[in-house]
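Residue-level listing of the chains:
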Amino acid sequence: MADYSYNAVMARKNEIMKMAVGIDYSKFQTSRIGFDYERMMRETGYTLQEVQNIQRDAGVGNTPLIELKNLTALVRKISPKGKGARIFIKDEACNPSGSFKDRRAAISVYHAKKLGYKGVVAATSGNYGAAVASQAAMRNLNCIIVQECYDSRKVGQPEILEKQRKCECYGAEVVQLTVGPELFYTFLRILEETGYFNASLYSPYGIAGVETLGYEVAIQCREQLGKDPDAVVITHAGGGNVTGTARGLIKAGALNTKVVGASVDLTGLHMASDRDFNRKSFTTGHTGFGIPFATWPDRSDVPRSAARPLRYLDRYVTIKQGEVFYMTEALAQLEGLERGPAGNTSLTAAFYIAQEMDEDQIIVVQETEYTGAGKHHMAQLSFARENGIDIRFGDPEEERAGESIILPENPSLIKTRDVDLNKLKKSYIKNCIDNYKVDEIGIKDAEFLAEDTKLSIEEVKKILTEINVKVV
Amino acid sequence: MEVIKKGTYVQIHQIVLRPEERASNLPDETKNVPLEMWVKGYLNSDAMIGDEVYITTLTNRQVKGTLVEVNPSYKHDFGNFVPEILKIGQDLRKILKDGEGCGRL
């Protein structure tokens, strides 16, 4: 009989994953650290046109791009003369399960069906679960979603409880767990037991599915405005949203569009903490994912993540929880769009960045998400208050994640804070050296690191010298 | 106590990992409690709340655990009213109308 102890199952990780994703990642390996990312995307993914066809067939994509005229007017009230870019939003809540995650799920589930799998499994507490469940329902596949849901008192985040309901309404089976990274152990056991497909967010399919989003943004801007957007703001968590959207912009030829990532600042909260779990109001799109996944993308549930945000980010900013809740209400009250708070992370960043840009420039917020019971700023603020979080108007600069949520006293107090991308790039390179346990690397490795960080080979060599690693 | 009939839709609870079996790199408050799991499915044989039972899940898996709930329902909602939210909209409409209160110096 197979050994189902924690250590035994974790030791079988690679063989379980090979069976459950159907990709032999070793064939893309080009050196000790490096692998051929573009070849992996090409050979295991689908062309942009195939992705468009699969998504159209499943009712996914081609969402409206809406100008936020009142929010733009508000930006101009608080900007210096001549400043205040036009803000547009891509209304991804119009997808079948209510978020851009349908784009990722559509391709993974299509692929699972094509390969003859009987079902799909995904480890997610967020919109992706609903997306996989919805797509699996369309394609007559079984679906299991594994959720981190409760703390040890069995108190659940309202947003995650709503996601359970939504997955179940599409006929999925939802496995709910308490806090802890060993969710991965349960996930592996289910993959092994069922032989289902791992609909990973980080497979080439999951990323190829997002490319259409960036592509549509560029094409819609050209059709509606006669030019490419000057900046696109993307909520950044595991890196797939940034990677896929940026690749889509590049495929559309929008090479001068700035790619800006935005995350909610949850500094100080530990992501594996039973105590901190219900003291945060955002379950994704926050720095607890954004920073670790940028500095070590291969921490994901596949051997080589196809989400590699440092290849594409031109700028990375953080914003506060209170600012996002404020903008969520602003979007409803001024634009008539009631959408979920997590999806408005990038909107909040865009509201500030637009103030730095000229009036004739275009900034695009590339997503919205559905809202409803549990997954609404009223539910989430109420839950935070019940958990002892101090909620008040004031200067968001004073907000401390896990202790307070400060709603801006007025809109001019909303600000983004820049994350030093060079620091993240250095940290990524250092993580590669530490995780592969090398003290010298070859030129091919150095070239890979340069591609993976959007740095020159000289810059990579300089960083390596600083951490005493030789290139031979 | 009432007997719950075979075939009823229920929720079960299971300890996946005891504290001593948990991963080593966890904060203490997580390491000191078990990893717990809840799964729903159809009851395989008559039982009572608190019994160790087997269920058949929607994907036809057989899962063992303690019977905790019958016809488990959704209880999440929009929470208590948060008056601050209403003020945001009123402030913003006023700023758009006459420019007052936007905070610009």
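Note that the structure is predicted; figures quoted are calculated from it, not measured.

Calculation criteria
- Think of each chain on its own: its residues are numbered from 1, step by step along the sequence as written.
- Think of it this way: whatever chain is written first is A, whatever ligand is written first is 1, and the rest follow in order.
- Owing to the predicted nature of the model, reporting of local features is limited to residues with pLDDT of at least 70; listing and counting of side-chain atom pairs is limited to 80 or more, with chain, interface and lining totals taken over all residues.
- Segments assigned H or I by DSSP are reported as helices when at least four residues long, segments assigned E as strands when at least two residues long, and all are numbered from the N terminus.
- Note that the radius of gyration is over C-alpha atoms, with the globule rule given as 2.2 Å times the number of residues to the power 0.38.
- Counting other C-beta atoms within 10 Å of a residue's C-beta gives its exposure: the residue is buried at 20 or more, exposed at 12 or fewer, and partly exposed in between, where C-beta atoms are placed from the backbone.
- Contact criterion: two residues are in contact if their C-beta atoms, reconstructed from the backbone, are within 7 Å.
- The axes are straight lines fitted to the C-alpha atoms, using for helices just the contacting stretch, and the angles between their N-to-C directions are given from 0 to 180°.
- If an angle is under 35 degrees, it is roughly parallel; if it is over 145, roughly antiparallel; if it lies from 65 to 115, roughly perpendicular; otherwise it is oblique.
- Helix crossings are classified by the rotation of the near helix relative to the far one: an anticlockwise turn of less than a right angle makes the crossing left-handed, while a clockwise turn makes it right-handed.
- Structurally, a nonpolar core is described as a collection of buried Ala, Val, Leu, Ile, Met, Phe, Trp, Tyr and Cys residues joined by way of C-beta atoms within 7 Å.
- Whether two strands pair depends on DSSP finding at least two bridges between them.
- For the purposes of this description, domain bounds are those given by an automatic or database domain assignment.
- Gly is put with the polar residues, along with every residue not named as nonpolar or charged; the nonpolar set is Ala, Val, Leu, Ile, Met, Phe, Trp, Tyr, Cys and Pro, and the charged set is Asp, Glu, Lys and Arg.
- A helix is expected to span 1.5 Å multiplied by its residue count minus one.
- In this description, one arc is meant: the one made by directions from the helix axis to the C-beta atoms.

*Asks:* Please provide a residue-by-residue account of the overall build of chain B, values included.
*Replies:* Each helix and strand in chain B was counted, giving two helices and four strands. Helices and strands appear in chain B in the N-to-C order β-α-β-β-β-α. Computed over its C-alpha atoms, the radius of gyration of chain B comes to 24 Å, more than 25% above the 13 Å expected for a compact globule of 105 residues. The C-alpha extent of chain B, read off along each of the three principal axes, is 70 × 40 × 30 Å. Per-residue burial over chain B gives 27% buried out of 105 residues. By sequence separation, contacts in chain B at least 24 residues apart represent 50% of the contacts at least 6 residues apart.

*Asks:* Tell me about the packing of helix α6 (residues 101–114) of chain A against helix α7 (residues 127–138) of chain A, and name the residues and values.
*Replies:* All names here are of chain A. Close contact between α6 and α7 brings their axes to 8 Å; oriented N to C, the two are set at 45 degrees. As summarised for this structure, α6 and α7 are arranged oblique, according to the angle between their axes. Relative to α7, α6 is oriented so that their crossing is right-handed. Along its contact with α6, which presents K101, D102, R104, A105, A106 and V109, the element α7 presents N127, Y128, A131, V132, S134, Q135 and A136.

*Asks:* An account of the nonpolar core is needed here, citing residue identities and associated values.
*Replies:* Across soluble globular proteins, you tend to see nonpolar side chains buried next to one another. Residues and elements named next belong to chain A. Counting residues in each nonpolar core, the largest one holds 167 residues, and the members touching the most others are V120, V132, V233 and I363. Considering each element in turn, this core owes the most residues, nine residues, to helix α10 (residues 204–225). Not counting residues up to four positions away in its chain, the partners in contact with V233 are V260, A262, S346, A349, A350, I353, I363, V365 and Q366.

*Asks:* Break down the sheet that holds strand β1 (residues 65–67) of chain A for me, with residues and values.
*Replies:* Residue and element names in this part refer to chain A. Strands sit in the order β1-β2-β10-β7-β8-β9-β13 across an open sheet of seven strands; the sheet is mixed. On the outer flanks of this sheet lie β1 and β13 (417–418), each paired with one strand and no other. In terms of strand pairing, strand β8 (residues 258–264) meets strand β9 (residues 315–319) through five bridges, oriented parallel. Note that in β9 the partner of V264 across the bridge is I319.

*Asks:* Can you explain unusual backbone geometry? Please cite residues and give values.
*Replies:* All names here are of chain A. Notably, N62 is not glycine yet its phi reads approximately 50 degrees, a positive angle. Along the chain, N62 turns up in the loop between α4 (48–57) and β1. Positive phi outside glycine occurs at K437, with the angle close to 50 degrees. Within the secondary structure, K437 is located in the loop between α16 (421–435) and β14 (440–441).

*Asks:* A description of the domain arrangement of chain A should follow, citing residues and the corresponding values.
*Replies:* Residues and elements named next belong to chain A. With domains assigned, chain A is organised as domain 1 (6–53 + 99–204), domain 2 (60–96 + 207–418) and domain 3 (422–471). Distance between the C-alpha centres of domain 1 and domain 3: 30 Å. At the interface, five residues of domain 1 touch nine residues of domain 3. Looking at the side of domain 1 that touches domain 3 residue by residue, the class counts come to one nonpolar, three polar and one charged.

*Asks:* Which residues make up the interface of chain B and chain A, and what values go with them?
*Replies:* Counting residues at the interface gives 39 residues for chain B and 53 residues for chain A. Contributions of two or more residues to the side of chain B that touches chain A are made by β1 (9–17), α1 (28–31), β2 (35–43) and α2 (83–98) of chain B. It is α2 of chain B that contributes the most residues to the side of chain B that touches chain A, eight residues altogether. Here the residues of the side of chain B that touches chain A are counted per class, giving 20 nonpolar, ten polar and nine charged.

*Asks:* Outline helix α12 (residues 287–295) of chain A, listing residues and values.
*Replies:* Counted residue by residue, α12 of chain A has eight buried out of nine residues, so it is predominantly covered. All of the buried residues along α12 of chain A are T287, G288, F289, G290, I291, F293, A294 and T295 of chain A.

*Asks:* Explain the environment of G65 of chain B to me, and be specific about the residues and the numbers.
*Replies:* For G65 of chain B, the location among the structural elements is in strand β4 (residues 62–70). On the neighbour-count criterion, G65 of chain B (21 C-beta atoms within 10 Å) is buried.

*Asks:* Could you give an account of α2 of chain B, naming the residues involved and the relevant values?
*Replies:* Between its terminal C-alpha atoms α2 of chain B stretches 23 Å, which fits the 22 Å expected from 16 residues at 1.5 Å a residue. Buried within α2 of chain B are the following residues: I85, I88, D91, L92 and I95 of chain B. Considered in projection along α2 of chain B, the buried side chains sweep an arc of 120 degrees and stay on one side of the axis. Turned more than 90 degrees away from the buried face of α2 of chain B, the exposed residues are P83, Q90, K97 and D98 of chain B. On its buried side, α2 of chain B packs onto α5 (69–77), α13 (321–335), α15 (377–386) and β12 (404–408) of chain A. Looking one or two places after α2 of chain B, you find G99 of chain B, whose phi comes out positive at around 75 degrees.

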